[in-house]
Amino acid sequence: MATFNEGTREIAEEIDARLRENPEFSRRLGEFGFIELEDTWGDETTILNTARVSTSNRRIRRVEDLTEKDRNLLFHLLSQHHGTPFETVYFRFRFIAPIFVLRQWVKHRISTWNEFSMRYRKPISAYYVPDKAAVTVEGFPVLTPDQIDRYAALMEEIFAFYETEYQEACRRIDEAASDGRLSGEKKDPAARNPYRARARELLRSAMPVSAYSDVYWTVNFRSLMNFFDLRTKENAQYEIREYARTAYDLFARKFPLLSDLYKKAGNAPG
Ligand SMILES: Cc1cc2nc3c(=O)[nH]c(=O)nc-3n(C[C@H](O)[C@H](O)[C@H](O)COP(=O)(O)OP(=O)(O)OC[C@H]3O[C@@H](n4cnc5c(N)ncnc54)[C@H](O)[C@@H]3O)c2cc1C
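Bear in mind the structure is a predicted one, so any value in this text is a computation, not a measurement. (Residues numbered from 1 in each chain as written. Predicted model: local features only at pLDDT ≥ 70, side-chain atom pairs only at ≥ 80, totals over all residues.)

Student: It is not clear to me how the packing of helix α8 (residues 221-231) against helix α9 (residues 238-254) should be interpreted in this structure. Could you clarify?
Tutor: The relative placement of two packed helices is expressed as an angle between their axes plus a distance between the axes. One way to put it is that α8 packs onto α9 with a least axis distance of 9 Å and a crossing angle of 135°. Between α8 and α9, the angle falls in the class oblique. For the pair α8 and α9, the crossing hand works out as left-handed. Where α8 abuts α9, its residues L224, F227, F228 and R231 lie against I240, R241, A244, Y248 and F251. Across the contact of α8 with α9, the residue classes tally to 7 nonpolar, no polar and 2 charged. (Axes fitted to C-alpha atoms, helices over the stretch in contact; angles between N-to-C directions. Helix = DSSP H or I, 4+ residues; strand = E, 2+ residues; numbered from the N terminus. Parallel < 35°, antiparallel > 145°, perpendicular 65-115°, else oblique. Left-handed = near helix turned anticlockwise from the far one by under 90°. Contact = placed C-beta atoms within 7 Å. Nonpolar A, V, L, I, M, F, W, Y, C, P; charged D, E, K, R; others polar.)

Student: Would you explain the site of the ligand in this entry?
Tutor: Lining the immediate surroundings of the ligand are K107, H108, R109, I110, S223, N226, L230, N235 and A236. Its residues assigned to classes, the shell around the ligand comprises 3 nonpolar, 4 polar and 2 charged. (Near = placed C-beta within 6 Å.)

Student: Which parts of the structure should I look at to understand the pairing of strand β2 (residues 33-41)?
Tutor: If a strand is regular, its side chains alternate between the two faces of the sheet. As paired strands, strand β1 (residues 26-29) and β2 are joined by 4 bridges and run antiparallel to one another. When the sheet's bridge partners are listed, S26 is paired in β2 with E36. Here β1 folds back onto β2 in antiparallel fashion, the turn holding 3 residues, of which G30 has a positive phi close to 65°. One ladder, built from 7 bridges, connects β2 with strand β3 (residues 90-98); its direction is antiparallel. Residue pairing for β3: D39 is matched across the bridge by R92. (Pairing = 2+ DSSP bridges.)

Laid out in structure tokens, this is it:
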């Protein structure tokens, strides 16, 4: 694993802190991967109350007060794929995953993304290394440990390249600034140095898709079910599947009744 830069060390410390502070709803994936169900909005009552607006004035305040009839209605809505009532419950996940996983995840357009920026910061200096399960198909290892070692060495080289070239760019920028050769110096002391920012923008092109990135993902339950459906199946790539299955476990832990009915309705993963 490449030597962690300062920002990456901070993220690693933050992951450790979240695993301690919110152990029930956070998980590590591999060496640097991470996912946490940080927050949710709404619950089973929200779904039932919004669905019932068309048929009844009865409203439920607490999940503990749900009757058999309420549970039957929830089951009916899930099994008949009623759409909009499920759009009223929201989830905010934070996950740290390789960029190639993010490229698949971001295709789930009905959701909101906020992602780490390599324009404003140096890259996260950690990269994905496939473990034994990841390289094995039907008992056959498609890559040998030697190949993984060579891959890791190449990744190390790329991260070292970034660090060396960025330092060199910063050295030249600072030298030019002290010689008074820079006209575009920032006027506002709080603004970012535009020369360093441009160097980061250019050098990020060298980063591999195995580099980790950091995302807040906000999604409603309807879209989340679609994500579970598509990304926990065997035909989804192993890595995103691992994240999707973990996200499902966190969801099920938070909403035992909803996940139970979702399973009984035959739509849930596993
Ligand atoms: C195994 C697998 C392999 C894949 N391979 C590829 C690949 O090679 N290349 C690639 O680019 N993608 C690939 N995808 C991504 C896939 O095509 C979808 O983009 C992705 O799964 C998101 O699904 P979605 O559109 O249902 O989700 P969302 O974008 O979250 O949309 C949710 C739902 O909203 C509706 N919706 C959203 N946008 C529109 C729209 N513009 N018009 C009409 N309805 C809309 C649809 O009903 C959709 O199901 C793959 C996905 C899987 C699971």
